[in-house]
Amino acid sequence: MYCTGGVRCERASALLKQKIETEQDTKELGIKGVYQLQGGIDKYFKHFPEGGLWKGKNYVFDKRFAHAPAAVEAVDRAIKKLGDEVDSSKPEIEVTGETKSVAVPVSAAEEILSRCEACRKPWDMYRGKRRCPTCGVPSLICKECIEADKAGTKKLGKEVRCDLCVAEDIRNKRELREREEKEMKQYEQKLKQKLDDTYEPPIQRKHAITRKPKPNPERITRLFLKNMCAKQMNEEKLLEFLQPARVTHIQWLTDRNTGKFYGSASIEVKTAEDAGSVLALDGAFVFGRRIHVNYQKTNPKDVWPLPNTKVADY
């Protein structure tokens, strides 16, 4: 396993080792061992500038989008600059680095492992800001297809999806959400069978002590929360999730016709600092759902807090 700096794979490898030991379906994959690159792929590239055993490019979370071993990138630049002037009789190009010179096969730079999502020709450069319309990951679209889309001769519609969404036959965001919910339910059922019938999924939240409050220059103490699990969320669990913020009032928003809670609520907290602490939870997962939190300015004409919304401890 690898990642850019060797941090995320620490957690991923530990989880995979645990699943191999405890879950039958993971055991059946036949994984013989889990190994890591110390220092991540970045350090590996520095140690093996010609690439070593590496193939292709590595995705990164900055403007480069992807990078390859230093010597391979140098050959790639040379090929693009020289074009037809590259001596085809020489299968290698000499690349001189800070500490040593290495001979890199021209084929290493020419080898492309991925394809344009629109026309399927070999392509490994991220261009523009287009993302998969289903899952949202950056799209691999070649220069010609992007220019054709801009010119209006070839439209990049919703049918142009990333390889994973195509392989799993996911065609829209609704199907993706349904798949994620189904997988979450299956995982919870497995845990319930493993433990006992009283098992409830733990609330996944950032550690209350290390959570850094968000700025609150207007000193707002009212917030709006949405996308909560309507079936499992209640006052006790919401207060647990929002700790150490001190919540004084909760207005559970309900459907006009059915009167049932549909996953949104307005809350009042004791101080502006408490509000900043709650806003820091925006995007956190609770019961398999990503919670959205926003400051909510109180309209002077509104009655707030509403009667019968006070939390028991206050």
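Residues numbered from 1 in each chain as written. Predicted model: local features only at pLDDT ≥ 70, side-chain atom pairs only at ≥ 80, totals over all residues. Heavy atoms only, no water.

Visitor: Which residues make up the pattern of salt bridges, and what values do they have?
Guide: Per the stated rule, a full pass over the model turns up 12 salt bridges. Glu-23 serves as the salt-bridge partner of Lys-19, at 3.1 Å between the closest nitrogen and oxygen. Taking relative accessible area as the criterion, Glu-23 reaches 7% and is therefore assigned buried. One salt bridge in this structure joins Glu-144 and Lys-121, with 2.8 Å as the shortest N-O distance. With Glu-144 in helix H6 (residues 143-151) and Lys-121 in the loop between helix H5 (106-110) and H6, this pair connects stretches of sequence that are 23 residues apart. For Lys-121, a relative accessible area of 30% translates into the label partly exposed. Each of Glu-168, Arg-179 and Glu-183 takes part in one network of salt bridges that share partners. (Salt bridge = Lys/Arg side-chain N within 4 Å of Asp/Glu carboxyl O. Buried < 20%, exposed > 50% of the residue type's maximum accessible area, 1.4 Å probe, protein only. Helix = DSSP H or I, 4+ residues; strand = E, 2+ residues; numbered from the N terminus.)

Visitor: Can you explain the nonpolar core? Please cite residues and give values.
Guide: Ranked by internal contacts, the top residues of the largest apolar core, which has 25 residues, are Leu-223, Leu-238, Leu-242 and Ile-267. Of all elements in the fold, only strand E5 (222-226), helix H9 (235-242), strand E6 (247-254), strand E7 (261-269) and helix H10 (272-279) reach the threshold of two or more residues within this core. If you tally residues by element for this core, the top one is E7, at four residues. Among the nonpolar cores identified, the runner-up in size contains nine residues, and Cys-116, Ile-141, Leu-156 and Val-160 belong to it. (Core = buried A, V, L, I, M, F, W, Y, C linked by side-chain atoms within 4.5 Å.)

Visitor: Outline the confidence of the model for the chain, supporting the account with residue identities and numerical values.
Guide: For the chain, the average pLDDT comes to 81, and 80% of its residues sit at 70 or higher. Across residues 84-88 the pLDDT falls below 50, and counting only partners more than four positions away or on other chains, this stretch makes one contact in the model. Considering only residues more than four positions removed or in separate chains, one finds that residues 204-209, a stretch of pLDDT under 50, has 11 contacts. (pLDDT = per-residue confidence, 0-100. Contact = heavy atoms within 4.5 Å.)

Visitor: Hey, could you go over helix H3 (residues 40-47) for me, with residue numbers and the actual values?
Guide: An α-helical turn contains 3.6 residues, so any two residues separated by three or four positions project in the same direction. All buried positions along H3 are accounted for by Gly-40, Ile-41, Tyr-44 and Phe-45. Buried residues along H3 sit in contact with strand E1 (58-59) and strand E2 (66-67).

Visitor: Kindly report on the pairing of E7, identifying the contributing residues and their values.
Guide: On a regular strand, one side chain projects to one face of the sheet and the next to the other, so that they alternate. The element E7 is extensively covered by neighbouring structure, given that eight of its nine residues are classed as buried. Taken together, the four bridges between E5 and E7 define a ladder with antiparallel strand orientation. Residue pairing in the sheet places Phe-224 in a bridge with Ser-266 of E7. Bridge count for E6 against E7 is six bridges, and the pairing is antiparallel. Residue His-249 lies in a different strand from E7, and its bridge partner there is Glu-268. (Pairing = 2+ DSSP bridges.)

Visitor: Requested: an account of the packing of aromatic side chains, with residues and values cited.
Guide: Enumeration according to the criterion identifies three aromatic pairs in this entry. Measuring from centroid to centroid gives 5.3 Å for Phe-45 and Trp-54, while their planes differ by 80°, and the two rings are edge-to-face. Residue classification places Phe-45 among the buried positions, given a relative accessible area of 5%. Looking at Trp-54, the relative accessible area reads 16%, which means it is buried. Between the aromatic rings of Trp-252 and Phe-261, the centroid separation amounts to 5.1 Å while the plane-to-plane angle is 85°, which identifies the pairing as edge-to-face. Judged by its relative accessible area of 27%, Trp-252 is partly exposed. Exposure remark for Phe-261: the relative accessible area of 19% places this residue in the buried category. (Phe/Tyr/Trp six-rings, centres within 6.5 Å; stacked < 30°, edge-to-face > 60°.)

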